[in-house]
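Spelled out, the chains give:
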Amino acid sequence: MNWLKKLLDGRYGCDQLSIALLALSCLPILAAGLSGWMQITCLAYIPLGLSVYRVLSKQLQKRRLENDRFMKWLSRAYACIKGIPQNIEDFQNYKYFKCPHCGQKLRLPRRKGKVTATCFKCHTEFTKKT
């Protein structure tokens, strides 16, 4: 057991990106099981190898930066996905426009005819048909 401790001493270890790569390596295996085309399983070794490389790496700073970039990307993707159900419900009652001056996203009620809107960011007034 001492040899394992020596092997892992000073290594980076597991983080969110490594776990995501492990999950990604399961997708080709599932696809091969469903399609019956077993050559797809070779694609599973790419993210699996990257995950093992990251876990056993001694370049701690580089791995932390990679994980930080991944987490920033993941948080942006999650924020986009999180707002979708609310927007679907709002599309029935509201119409979305962009301010012609600053590009701010504005929401106006539907079926009201021509409406004069004022951008709350740059205070530009414009008329839109809803």
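**Q** Before we go on, may I ask you to explain the packing of helix α2 (residues 16-35) against helix α4 (residues 60-82) in this structure?
**A** Geometrically, a packed helix pair is captured by the angle between its two axes and the distance between the axes. Interaxial distance between α2 and α4 falls to 8 Å at its minimum, and their mutual angle equals 70 degrees. With respect to α4, the element α2 is oriented roughly perpendicular. Across the interface between the two elements, Gln16, Leu17 and Ala20 from α2 touch Glu66, Asn67, Phe70 and Met71 from α4. Here the contact of α2 with α4 is built from residues that sort into 4 nonpolar, 2 polar and 1 charged.

**Q** Looking at this structure, how should I read the packing of aromatic side chains?
**A** The geometry of an aromatic ring pair is captured by two quantities: the separation of the ring centres and the angle between the planes. Scanning all chains against the criterion turns up 1 aromatic pair. We note lysine 105 situated over the ring of tyrosine 96; from NZ or CZ to the ring centre the distance is 5.0 Å. Note that arginine 107 overlies the ring of tyrosine 94, its terminal NZ or CZ placed 3.8 Å from the centroid.

**Q** Sorry if this is basic, but what is going on with a nonpolar patch on the surface here?
**A** A cluster of nonpolar side chains, namely Trp3, Leu7, Leu8, Leu22, Tyr45, Leu48, Val52 and Leu56, defines an oily patch on the protein surface of about 770 Å² accessible area. Among the elements of the structure, α1 (2-8) and α3 (45-56) are those that each provide at least two residues to the nonpolar patch. Top element by residues in the nonpolar patch is α3. It accounts for 4 residues. Here tyrosine 45 lies in helix α3.

**Q** I tried to follow the pattern of salt bridges on my own but got confused; where do I start?
**A** When the charged atoms of two side chains lie near each other, side chains of opposite charge can form a pair. One pass over the full model with this rule turns up 3 salt bridges. For arginine 54, the salt bridge identified is with aspartate 15, shortest N-O distance 2.5 Å. Within this pair, whereas arginine 54 is found in helix α3, its partner aspartate 15 is found in the loop between α1 and α2, the two being separated by 39 residues in sequence. Through salt bridges with shared partners, a single network forms among Asp15, Arg54, Arg63 and Glu66.

**Q** Would you take a moment to explain the pairing of strand β2 (residues 105-109) for this structure?
**A** In regular strands, side chains alternate between the two faces of the sheet. Of the two faces of β2, only one is covered, namely that formed by Leu106 and Leu108; the face formed by Lys105, Arg107 and Pro109 stays uncovered. In terms of strand pairing, strand β1 (residues 94-98) meets β2 through 5 bridges, oriented antiparallel. Paired with phenylalanine 97 across the two strands is leucine 106, which belongs to β2. Counting the residues in the hairpin turn of β1 and β2 gives 6 residues, including glycine 103, whose phi is positive at 85 degrees.

Thresholds applied
Residues numbered from 1 in each chain as written. Predicted model: local features only at pLDDT ≥ 70, side-chain atom pairs only at ≥ 80, totals over all residues. Heavy atoms only, no water. Axes fitted to C-alpha atoms, helices over the stretch in contact; angles between N-to-C directions. Helix = DSSP H or I, 4+ residues; strand = E, 2+ residues; numbered from the N terminus. Parallel < 35°, antiparallel > 145°, perpendicular 65-115°, else oblique. Contact = heavy atoms within 4.5 Å. Nonpolar A, V, L, I, M, F, W, Y, C, P; charged D, E, K, R; others polar. Phe/Tyr/Trp six-rings, centres within 6.5 Å; stacked < 30°, edge-to-face > 60°. Lys NZ or Arg CZ within 6 Å of the ring centre and 35° of its normal. Patch = residues over 30% accessible without salt bridge, like charges linked within 9 Å, V, L, I, M, F, W, Y side chains within 5 Å. Areas by Shrake-Rupley, 256 points an atom, 1.4 Å probe, with all protein chains shown as cover. Salt bridge = Lys/Arg side-chain N within 4 Å of Asp/Glu carboxyl O. Buried < 20%, exposed > 50% of the residue type's maximum accessible area, 1.4 Å probe, protein only. Pairing = 2+ DSSP bridges.

Note that every value here comes from positions in space, so none of it alone points to a role or purpose.
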